[in-house]
Amino acid sequence: MRASVLRHGRMVYRDDVPDPVPGPGQVLVGVRACGICGSDLHFAAHGAEVVGLSNELARGRGMDLDLDRDVFMGHEFSAEVLEAGPDTDTHPPGTLVTSLPVLLTERGVEPIVFSNSTLGGYAERMLLSAPLLLPIPNGLDFKHAALTEPMAVGWHAVNKSGIAPTETALVLGCGPIGIAIVAALKVRGVETIVAADFSTKRRELAAAMGAHQTIDPAQGSPFDSVKAAVVFEAIGVPGIIDDVIKRARRGTRLVVAGVCMQADTVHPFFAIAKEINLQFVNAYEPEEFTESLRLIAEGEIDVAPLITGEVGLDGVGAAFDDLADPERHCKILVTP
């Protein structure tokens with residue numbers, strides 16, 4: 001079977017991966033499309049740090065992952081049901097589905113994110129759990145359905161913010177996470193959505209997805225002209241949180257969605273003096289994933305503008321390189 005795997009920091013094409021065999025409660029699916037996520041790019045460059053911090057957080061019981069072996073990835077996918085495992089009732093073959101990126105096994109829950117053994121969406125076929133399958137509504141493009149997962153991340157961040165339609169939102173960073181937040185804010189009916197990014201292409205995309213105003217930080221701080229009640233940080237580099245705390249108005253709610261892997265420094269005095277509310281967010285709840293699929297299927301979120309490229313399994317490595325340029329791409333889909 002064909003797949004693209006991470007090997008020593010680079011994506012490598014293979015045509016000798018053993019076919020997965022579904023067990024009880026599992027379903028063999030053929031991958032139709034899989035989005036390349038920023039977390040995959042980050043893991044390719046900083047895998048050792050991700051594993052180390054995860055294990056520290058879980059006190060040594062975190063990621064059971066050997067970076068000297070091939071790593072399977074790909075968690076933004078749509079697929080076609082091929083075959084059910086023993087004693088498994090599920091949707092008939094040919095049904096198009098998506099799913100939460102986890103696999104239920106006899107060993108427990110296996111995340112479909114980074115693994116030496118559990119296949120992800122950068123492969124021809126993979127295993128999914130029958131109880132977690134979500135049929136793609138009739139008529140929805142399977143390529144659009146593959147973006148259910150990243151859109152759910154934005155939906156979760158907006159839900160956590162508690163933002164009201166009359167409050168002004170400022171989104172810092174218009175990569176896929178920031179764009180998903182903009183789209184969710186639009187669905188929520190927020191009347192003033194401002195997005196800031198150095199990239200012209202990303203600012204244009206933010207406007208297409210629902211931002212009422214875009215700002216180039218190179219021309220001045222967004223905080224000089226925007227009095228936001230809620231600020232969404234979707235950049236994930238050291239220094240951003242502290243800068244927001246210093247610049248934001250009193251009582252601002254700061255929602256941190258950007259993933260910063262390095263140690264960072266903040267000045268609590270400024271946050272205390274201005275009573276800044278700081279909320280960190282990660283991933284989504286299962287019901288938010290389901291709602292994300294519905295929003296896409298019913299046209300409330302149009303994900304078509306996000307898809308800026310498409311490659312086969314032998315082009316994943318080049319796509320990882322191409323995504324480093326924000327003026328060229330937002331989301332590249334892998335279509336096995």
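Above this text sits the structure in question.
Residues numbered from 1 in each chain as written. Predicted model: local features only at pLDDT ≥ 70, side-chain atom pairs only at ≥ 80, totals over all residues. Heavy atoms only, no water.

Engineer: Tell me about the packing of aromatic side chains, and name the residues and values.
Structural biologist: Within the structure shown, the criterion is met by 4 aromatic pairs. When the ring of Tyr122 is compared with that of Phe320, the centres are 6.4 Å apart and the planes differ by 75°; the resulting orientation is edge-to-face. Residue Tyr122 is found in the loop between β7 (108-111) and β8 (125-129), and its partner Phe320 is found in helix α9 (residues 316-322); the two are separated by 198 residues along the sequence. As far as the burial class goes, Tyr122 and Phe320 line up, both buried. Positioned over the ring face of Phe142 is Arg32, at 4.3 Å from the centre of the ring. (Phe/Tyr/Trp six-rings, centres within 6.5 Å; stacked < 30°, edge-to-face > 60°. Helix = DSSP H or I, 4+ residues; strand = E, 2+ residues; numbered from the N terminus. Buried < 20%, exposed > 50% of the residue type's maximum accessible area, 1.4 Å probe, protein only. Lys NZ or Arg CZ within 6 Å of the ring centre and 35° of its normal.)

Engineer: I'd like a description of the sheet that holds strand β14 (residues 253-256), backed by residues and values.
Structural biologist: The strand order across the open sheet formed by 6 strands is β12-β11-β10-β13-β14-β15, and the pairing between neighbours is parallel. The strands lining the two open edges of the sheet, one partner per strand, are β12 (213-215) and β15 (277-280). The sheet shows a mean angle of 20° between the axes of neighbouring strands, taken without regard to direction. As defined by bridge partners, strand β10 (residues 168-172) adjoins strand β11 (residues 192-196) across 5 bridges and the pair is classed as parallel. (Pairing = 2+ DSSP bridges. Axes fitted to C-alpha atoms, helices over the stretch in contact; angles between N-to-C directions.)

Engineer: Go over unusual backbone geometry, please, and point to the residues and values.
Structural biologist: Residues other than glycine seldom take positive phi values, yet Asp87 does so here, at roughly 55°. Within the secondary structure, Asp87 sits in the loop between β4 (76-84) and β5 (96-99). Judged by its relative accessible area of 83%, Asp87 is exposed. Here the phi dihedral of Ala283 falls at roughly 55°; this positive angle occurs in a residue that is not glycine. As for its position among the elements, Ala283 is in the loop between β15 and α8 (286-297).

Engineer: Any details on the packing of helix α3 (residues 148-161) against α8? Residues and values, ideally.
Structural biologist: Put simply, α3 and α8 touch, their axes get as near as 8 Å, and they point 115° apart. Taken together, the axis directions place α3 and α8 in an arrangement best described as roughly perpendicular. The element α3 and its partner α8 pack so that their crossing is right-handed. Contacts between α3 and α8 involve Thr148, Glu149, Met151, Ala152, Trp155, His156 and Asn159 from the first element and Glu288, Phe289, Glu291, Ser292, Leu293, Leu295 and Ile296 from the second. (Parallel < 35°, antiparallel > 145°, perpendicular 65-115°, else oblique. Left-handed = near helix turned anticlockwise from the far one by under 90°. Contact = heavy atoms within 4.5 Å.)

Engineer: Describe the environment of Gly189, and please don't skip the residues or the numbers.
Structural biologist: Along the chain, Gly189 turns up in the loop between α4 (176-188) and β11. The spacing of Gly189 and Asp68 is 121 residues in sequence and 48 Å in space, taken between C-alpha atoms.

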